[in-house]
Amino acid sequence: MGKMTTGEIYTFLKNYAYTGHLATVREDGRPHVAAIWIVVDGTDILFTTFHSSVKGRNLQRTGYAALSVDDSTPPFTAVQLEGPVEMIRDQEEVRRWAGIIGGRYMGEDRAEEFAARNGVEGEWLCRMRPLKLSGIAAITE
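The text that follows walks through the structure, step by step, so that each part is easy to find. Not measured: the values here are computed from a predicted model.

1. A word on the nonpolar core
Line of reasoning, step 1. Membership of the largest hydrophobic core comes to 30 residues, with the highest contact counts inside it found for L13, I38, I45 and L67.
Line of reasoning, step 2. Looking at this core, the elements with two or more residues in it are α1 (6–15), β4 (39–41), β5 (44–50), β6 (64–71), β7 (77–88), α3 (91–106) and β8 (123–128).
Line of reasoning, step 3. When residues in this core are grouped by element, the largest group, five residues, is from β7.
Line of reasoning, step 4. In this view, I45 contacts Y10, L13, I38, V39, V40, L67, L81, C126, R127, M128 and P130; residues no more than four positions away in its chain are not counted.

Encoded structure:
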């Protein structure tokens, strides 16, 4: 078991297409968690959401989120990030990144399908700039 460095955290996030769990805060203070697909761009974490979804509304209001990503197979690894999230409405950017994200999780041969499916009006690109990062590798070793 070992605490991960920032470099190890980004390597984990870039090299494996694990589902992330995004935490936001509702207007009444209750937490909300949603499963998301992500991609790393430099040190930013990108994902898409529909602007009127619970997470979309929460992000528009607070501009901040936390993200957990883990490998659920032994010896288990888990990382957590938090930071501000910029909401980008530019349809060309949304479509481009929706294709990259879809291709990462579903295979490059389906990237265009996911660009068309998720690169629609009302879907926004979210760019998280992590300020806090932590991770533990090989938790059970």
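Having seen the structure, we can now continue with the description.
2. What about the packing of aromatic side chains?
Line of reasoning, step 1. Under the criterion given, the structure shown has five aromatic pairs.
Line of reasoning, step 2. Between the aromatic rings of W37 and F114, the centroid separation amounts to 5.7 Å while the plane-to-plane angle is 50°, which identifies the pairing as tilted. Of this pair, W37 sits in the loop between β3 (31–36) and β4 while F114 sits in helix α4 (residues 111–118), and the two are 77 residues apart along the sequence.
Line of reasoning, step 3. When its relative accessible area of 29% is taken as the criterion, W37 is described as partly exposed.
Line of reasoning, step 4. Three or more aromatic residues joined by ring pairs make a cluster, and in this case those are F12, Y16 and Y18.

3. Thoughts on α3
Line of reasoning, step 1. If you check α3, its first and last C-alpha atoms are 21 Å apart, about what 16 residues at 1.5 Å a residue would give, namely 22 Å.
Line of reasoning, step 2. Turning to α3, its buried residues are V94, W97, A98, G99, I101, G102, G103 and Y105.
Line of reasoning, step 3. In the core, the buried residues of α3 are packed alongside β4, β5, β7, α4 and β8.
Line of reasoning, step 4. Here α3 starts with a cap whose side-chain oxygen sits 3.2 Å from the backbone nitrogen of E92, and that cap is D90.
Line of reasoning, step 5. G107 lies just past α3 and shows a positive phi near 105°.

4. Some details on the pairing of β6
Line of reasoning, step 1. What you see with β6 is a clean split: A65, L67, V69 and D71 sit on the buried side and Y64, A66, S68 and D70 on the side with no burial.
Line of reasoning, step 2. With four bridges joining them, strand β2 (residues 20–25) and β6 adopt antiparallel strand pairing. Following the sheet pairing, A23 is matched in β6 by A66.
Line of reasoning, step 3. The pairing of β6 with β7 spans eight bridges and is classified as antiparallel. If you follow A66 over to β7, its bridge partner there is E82.

Thresholds, definitions, all that
Residues numbered from 1 in each chain as written. Predicted model: local features only at pLDDT ≥ 70, side-chain atom pairs only at ≥ 80, totals over all residues. Heavy atoms only, no water. Core = buried A, V, L, I, M, F, W, Y, C linked by side-chain atoms within 4.5 Å. Buried < 20%, exposed > 50% of the residue type's maximum accessible area, 1.4 Å probe, protein only. Helix = DSSP H or I, 4+ residues; strand = E, 2+ residues; numbered from the N terminus. Contact = heavy atoms within 4.5 Å. Phe/Tyr/Trp six-rings, centres within 6.5 Å; stacked < 30°, edge-to-face > 60°. Expected span 1.5 Å × (residues − 1). Polar contact = N/O pair within 3.5 Å; in protein donor to acceptor, adjacent residues only side chain to side chain. Pairing = 2+ DSSP bridges.

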